[in-house]
Amino acid sequence: MPTTEGWWPLLFGRLSYDALPFYSAIATAAASVVVLGAITVVALITYLGRWRWLWREWLTSLDHKKIGIMYVVIAMVMLSRAVVEGSMMRAQQAIALDNPGYLEPEHFAQLFSTHGSIMIFFMAMPFLTGIINFALPMQIGAREVSFPLLNSISLWLTAGGAGLMMVSLVIGKFSTGGWSGYPPYTDAAFNPGVGPDYWIFAVTLSSLASTMTGINIAVTIYKKRCGGMSPFRMPLFCWTSLCTSVLMIFALPPLTVATGLLALDRYVGTHFFTNDGGGNMMNFANLFWLFGHPEVYILILPAFGVYSQVISNFSSKILYGYDSLIIATMCIAVLSFTVWVHHFFTMGQSADLNAVFGIATMTIGIPTGVKIFDWILTMAWGRVRFTVPMIYSLAFMVLFTVGGLTGILLANPAIDFQVHNSVFLVAHFHNMLIPGLLYGMIAAYTYWFPKAFGFRLDEWWGRVACGCWITGFCLAFLPLYPLGLMGMPRRTQEFFEPAYLPYTIVAGVGALFLLAALASLVTQLVVSIRRREELAVPGGDPWNGRTLEWAIPCPAPEYNFAVLPIVDSRDAFHAYKEKGTAYLDHRFYSDIEMPKNSMTGVVFGIALAAASFGFVWHIWWLAVLGVLVAIAAPVARSFVLDTTRIIPAEEVRRDHEAWLARLRKLPPADRAVETTPQNRGLAEAAAA
Amino acid sequence: MSTAARNRHPGINLGNTDPHTHAQAEETLFGFWVFLMSDLVLFALLFATYASMIGATDGGPGPKDVFELSSAAIETGVLLLSSLTMGMASIAMKYKEHPTRLYGWLGVTLLLGLVFLGLEAHDFVKMASEGATPQRSGWLSSFYALVSTHGLHVLAGCIWLTISIIQLAVFGLRSEVKLRIMRLSLFWHLLDVVWIFIFSVVYLGGLA
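The rules behind each value
Residues numbered from 1 in each chain as written. Chains lettered and ligands numbered in written order. Predicted model: local features only at pLDDT ≥ 70, side-chain atom pairs only at ≥ 80, totals over all residues. Heavy atoms only, no water. Helix = DSSP H or I, 4+ residues; strand = E, 2+ residues; numbered from the N terminus. Buried < 20%, exposed > 50% of the residue type's maximum accessible area, 1.4 Å probe, protein only. UniProt positions renumbered as here; feature names shortened; annotations may be inferred. Core = buried A, V, L, I, M, F, W, Y, C linked by side-chain atoms within 4.5 Å. Contact = heavy atoms within 4.5 Å. Axes fitted to C-alpha atoms, helices over the stretch in contact; angles between N-to-C directions. Parallel < 35°, antiparallel > 145°, perpendicular 65-115°, else oblique. Nonpolar A, V, L, I, M, F, W, Y, C, P; charged D, E, K, R; others polar. Disulfide = S-S within 2.5 Å. Phe/Tyr/Trp six-rings, centres within 6.5 Å; stacked < 30°, edge-to-face > 60°. Buried area = accessible area lost by both parts, 1.4 Å probe. Salt bridge = Lys/Arg side-chain N within 4 Å of Asp/Glu carboxyl O. Polar contact = N/O pair within 3.5 Å; in protein donor to acceptor, adjacent residues only side chain to side chain.

A.B. asks: Where do I start with the overall build of chain B in this structure?
C.D. replies: A tally of regular secondary structure across chain B gives six helices and zero strands. Secondary structure elements in chain B, listed N-terminal to C-terminal, are α-α-α-α-α-α. Seen along its three principal axes, the alpha-carbon backbone of chain B occupies a region of about 65 × 30 × 25 Å. Per-residue burial for chain B yields a buried fraction of 54% across its 208 residues.

See the structure below:
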């Protein structure tokens, strides 16, 4: 085909038939899965006639709970892809002794790049953003976030970035530069293809989305708390969310600058990070890790908040050391900006500088240690129930401590020089992020699922998944510690040292468990949907909860609270139940003003994703058009003044009273039957 | 004094002149301040990149070869003046002076913004014609990135000003329009602050 002359490049840029993944059977299969998956979803929605419903109830919704749920859906889809990719790499390494295996080196490099980029930007970030979006406004007694439309725009930017990642599987090849995309390797001189461009644009969309989310969540916490909810009465999850959003506000701009300048190098021919022309790639390393290190805490702090809620809830005790947990969280947030150089101890700065950053890094261990002790003391002398979220929390406490210790080792520059770029590092950060982030997010998903959909998740399959995640993690990653000490480099597609093999085989078996864990999560969801009548908890309080979100029905109404609560203590709902004031009839109801749906976010996100695709393939008309539409959408929206609708007080009263009437007929559930169908969401404590 | 008169956010408050909008302003304006803070981080990093690349001229032109103090000084004057007129617009809006005043001040601000952009574009074209293009050296790359990011912000501000003038004409002084002009004014003043740093660090520093 003539792809370099005539009308073709004007219309399609550098896109050609070569971009299709027929160069390898595995790439073809992966692309087919994506295409077939997309076709199946579209066909299913069409068959069920649900397009209008999807558009009105979900895609254009500005309801913080629905936006949160959509974030989690994105996270789970991307989690599935990235877990499969990780398992493929483990399988390769399990057979890679003197053997090129089944993955070409180039393909292997694409896999570790997409695996890392997806897990950070399109699994972890959407997951925690979704959970915060869903739970936080209810916990502080609010009906909405501060900027509902901005929230939708963030969601659709994230969706656009995730979409770009999926498209890169089908059209063209992704970057081989790892999740951190270091130039000069990713500069045009060495990598003229589309790979690094896909990486740049997908990551930038996610970065912009997260910056706006940070602003939105921080302002919501500052300005939308209900009466009496002073800062030191907020649930701990709100505090960790606040720290995470402040980190997002300050730490995402460095990423935007890094990817933006790299894009200029590639598209305009500037010399920021090139080898020649006065460029300096150390600027990229500094910018990237100025984002990258706070990012670690952006990821982990919300999970700390979830663990705090879960451990307190399932130990039936008020959180031990609440103030110290807040101070520790704040310390971590501040210190996270002082340690970024430890990501490149070996890149040529002086030993003195390394020493400063090494010591700062070790200091972070102190507030983190404080937290672990607080959680242990919360459980002490409590009535601990081993539900699924609690099992994840316990596994986290043990495994995270192990990972933290290896972090202290790595913080020492002298040791770092020995193990840098080895799989020891791979073991360390998976040890922090799987127990630290993923377990926390799945615990949160299990804990708050009933609040979203009105029924609990199946307990047995939850435990199976939990067991597989824990076993899988231990088998897949703990062997990498000795492997790293033996000198195995990370990102190795083939090796020639027989001593590595037993460990890589164990890690490969671990990957099978991780796949089984993923399958168990899917099974759990299917089984739970089938058993939804049995598992329903209309009372709204399946876990004998302590915070405000459990004071309202399951699923939560659009406006969350029929009447905005007024609180006078920490763990407000628990206090209501103690005083017997949990389920009162309100005397007065008022009209509630809620945001109307808007398609601005959808248009904005899709337009920028399309523009990104245009930039990646040099389809300039698409790039310009996408940017113009993305500018026009919010401008057009600013001419719409009728952006809210009123839910009449009478309707609110009717729904609330109907719920209360139903609630009073429910059998109160003792905690011994918490995980059985006898639990209808009314806790015994409240009924007594 | 009623509670409405209390200042709810930094900057010009509507206070008693429009208690209804004043109450709404607290959350909206606070959010915008937070956004500005994030935007400032972006500029801080571009400044840091620029600072680390002073001297990375790769044998090409340096600051003394391409900068003209007179031109940068005029640009500074124009932008500072536009901040003053924007302030006058905010006051005209707050005290509900005759609508033509508000239109006038916003119009003058827009005009000054456009003049600034024209002067800056003229500088860039002249520099490029002398071989000082962004592709020439790392130092020039970082110069263009920093200064044109500021320029793009001013351009965004000009588009926003135009839309505000149109919305004033279409909707009149509604709460929504007022809140937007209040945020626009913060944005505009911030660009002024950033420019003062650019003038001091890039131009004065480069020519010193």
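A.B. asks: Which parts of the structure should I look at to understand the UniProt feature "transmembrane region" (unreviewed entry) in chain B?
C.D. replies: Residues and elements named next belong to chain B. This chain's UniProt record puts "transmembrane region" (unreviewed entry) on residues 29-51, 71-90, 102-119, 152-173 and 185-205. Taken end to end, residues 29-51 comprises 100% helix and 0% strand; its first and last C-alpha atoms sit 32 Å apart. Annotation note: span residues 185-205, helix share 100%, strand share 0%, distance between end C-alpha atoms 29 Å.

A.B. asks: What exactly am I supposed to notice about the nonpolar core here?
C.D. replies: Nonpolar side chains tend to gather and get buried jointly when the protein is soluble and globular. In terms of nonpolar packing, the biggest core is built from 253 residues, with A:Trp375, A:Trp448, A:Trp469, B:Phe143 and B:Tyr203 touching the most fellow members. Apart from residues no more than four positions distant in its own chain, A:Trp469 is found in contact with A:Leu79, A:Val83, A:Tyr392, A:Leu438, A:Tyr439, A:Ile442, A:Leu514, A:Ala517, A:Leu518 and A:Leu521. Counting twelve residues, the second-largest nonpolar core is a separate cluster that includes A:Leu149, A:Leu157, A:Leu205 and A:Phe604.

A.B. asks: Quick question: what am I supposed to make of the packing of helix α8 (residues 236-267) of chain A against helix α10 (residues 322-335) of chain A here?
C.D. replies: Any two packed helices are characterised by the angle at which their axes cross and by the distance between the axes. All names here are of chain A. Interaxial distance between α8 and α10 falls to 10 Å at its minimum, and their mutual angle equals 10°. With respect to each other, α8 and α10 are oriented roughly parallel. Of α10, the residues touching α8 (which contributes Leu 236, Trp 239, Thr 240, Cys 243 and Leu 247) are Tyr 322, Leu 325, Ile 326, Thr 329, Met 330 and Ala 333. When its residues are assigned to classes, the contact of α8 with α10 shows nine nonpolar, two polar and no charged.

A.B. asks: Even after reading the chapter, I still don't get the environment of A:Gln110, so can you show me in this structure?
C.D. replies: Residue and element names in this part refer to chain A. Structurally, the position occupied by Gln 110 is in helix α5 (residues 105-139). Taking relative accessible area as the criterion, Gln 110 reaches 9% and is therefore assigned buried. In this structure, the C-alpha to C-alpha distance between Gln 110 and Phe 272, residues 162 residues apart in sequence, is 25 Å. Those residues within four positions of Gln 110 in sequence are excluded, and the remaining contacts are Tyr 23, Lys 173, Phe 174, Ser 175 and Thr 176.

A.B. asks: Sorry, what's going on with the state of the cysteines here?
C.D. replies: Each disulfide consists of one covalent bond between the sulfur atoms belonging to two cysteines. All names here are of chain A. Inspection of the entire model under this criterion finds zero disulfides over all chains. Cys 468 forms no disulfide, and the closest cysteine sulfur to it belongs to Cys 466, at a distance of 9.3 Å. By relative accessible area, which is 13% here, Cys 468 ends up buried.

A.B. asks: For this particular structure, what's the right way to read the packing of aromatic side chains?
C.D. replies: Describing an aromatic ring pair means giving the distance of the ring centres and the angle of the ring planes. Considering all chains together, one arrives at 63 aromatic pairs over all chains under this definition. Judged by centre distance (6.0 Å) and plane angle (50°), the rings of A:Phe121 and A:Trp179 are tilted. With a gap of 58 residues between them, A:Phe121 in helix α5 and A:Trp179 in the loop between α6 (148-170) and α7 (195-223) connect regions that are remote in the sequence. Its relative accessible area of 1% is what places A:Phe121 among the buried residues. Assessed through its relative accessible area of 14%, A:Trp179 is described here as buried. Judged by centre distance (5.8 Å) and plane angle (70°), the rings of B:Phe32 and B:Trp160 are edge-to-face.

A.B. asks: Before we go on, may I ask you to explain the interface of chain A and chain B in this structure?
C.D. replies: For interface size, the figure often reported is the accessible area lost on association. Taken together, the contact between chain A and chain B spans 31 residues of the former and 33 residues of the latter. Interface of chain A and chain B: buried area, both sides summed, is about 2700 Å²; carbon and sulfur atoms make up 72% of it. Linking chain A to chain B there are two salt bridges. With a shortest N-O distance of 3.0 Å, A:Lys223 and B:Glu26 are connected by a salt bridge. Linking chain A to chain B there are eleven residue pairs in polar contact (both at pLDDT 80 or more). For the side of chain A that touches chain B, the secondary structure elements donating two or more residues are α7, α8 and α9 (281-314) of chain A. Class assignment of the residues belonging to the side of chain A that touches chain B gives a composition of 17 nonpolar, twelve polar and two charged.

A.B. asks: Mind showing me how you'd approach the pattern of salt bridges here?
C.D. replies: Evaluated as defined, the whole model comprises 28 salt bridges over all chains. Note that A:Arg653 is salt-bridged to A:Glu650, the shortest N-O span being 3.6 Å. Taken as a pair, A:Arg653 and A:Glu650 lie in helix α22 (residues 649-665) at a separation of three residues, close to a single helical turn. Since its relative accessible area comes to 52%, A:Glu650 is described here as exposed. Across the salt bridge formed by B:Arg174 and B:Glu176, the nearest N and O atoms sit 3.1 Å from each other. One network of salt bridges, in which partners are shared, links A:Arg14, A:Asp197 and A:Arg266.

A.B. asks: Sorry if this is basic, but what is going on with the side chain of A:Thr361 here?
C.D. replies: All names here are of chain A. Structurally, Thr 361 is set in helix α11 (residues 351-379). Among the residues examined, Thr 361 registers a relative accessible area of 13% and is labelled buried. Polar contacts involving the side chain of Thr 361 include one to the side chain of His 342, which spans 2.8 Å. Polar contacts involving the side chain of Thr 361 include one to the main-chain carbonyl oxygen of Phe 357, which spans 2.6 Å. When sequence neighbours within four positions are dropped, the list of residues in contact with Thr 361 reads Val 339, His 342 and Ala 411.

A.B. asks: Would you explain unusual backbone geometry in this entry?
C.D. replies: Across the chain, the bulk of peptide bonds are trans and the bulk of non-glycine residues have phi less than zero. That bond from A:Pro183 to A:Pro184 is cis: its omega, 0°, falls within 30 degrees of zero. For A:Pro184, the position within the fold is in the loop between α6 and α7. Here the residue pair A:Cys554 and A:Pro555 is connected by a cis peptide bond, since its omega of -10° sits within 30 degrees of zero. Summarising the element assignment, A:Pro555 is placed in the loop between α18 (532-535) and α19 (572-579). In the Ramachandran plot, A:Trp381 falls in the positive-phi region, its phi being about 60° despite a non-glycine side chain. Secondary-structure assignment places A:Trp381 in the loop between α11 and α12 (388-411). Look at B:Asp58: it is not a glycine, yet its phi comes out positive at around 55°. Secondary-structure assignment places B:Asp58 in the loop between α1 (19-53) and α2 (63-66). Judged by its relative accessible area of 41%, B:Asp58 is partly exposed.

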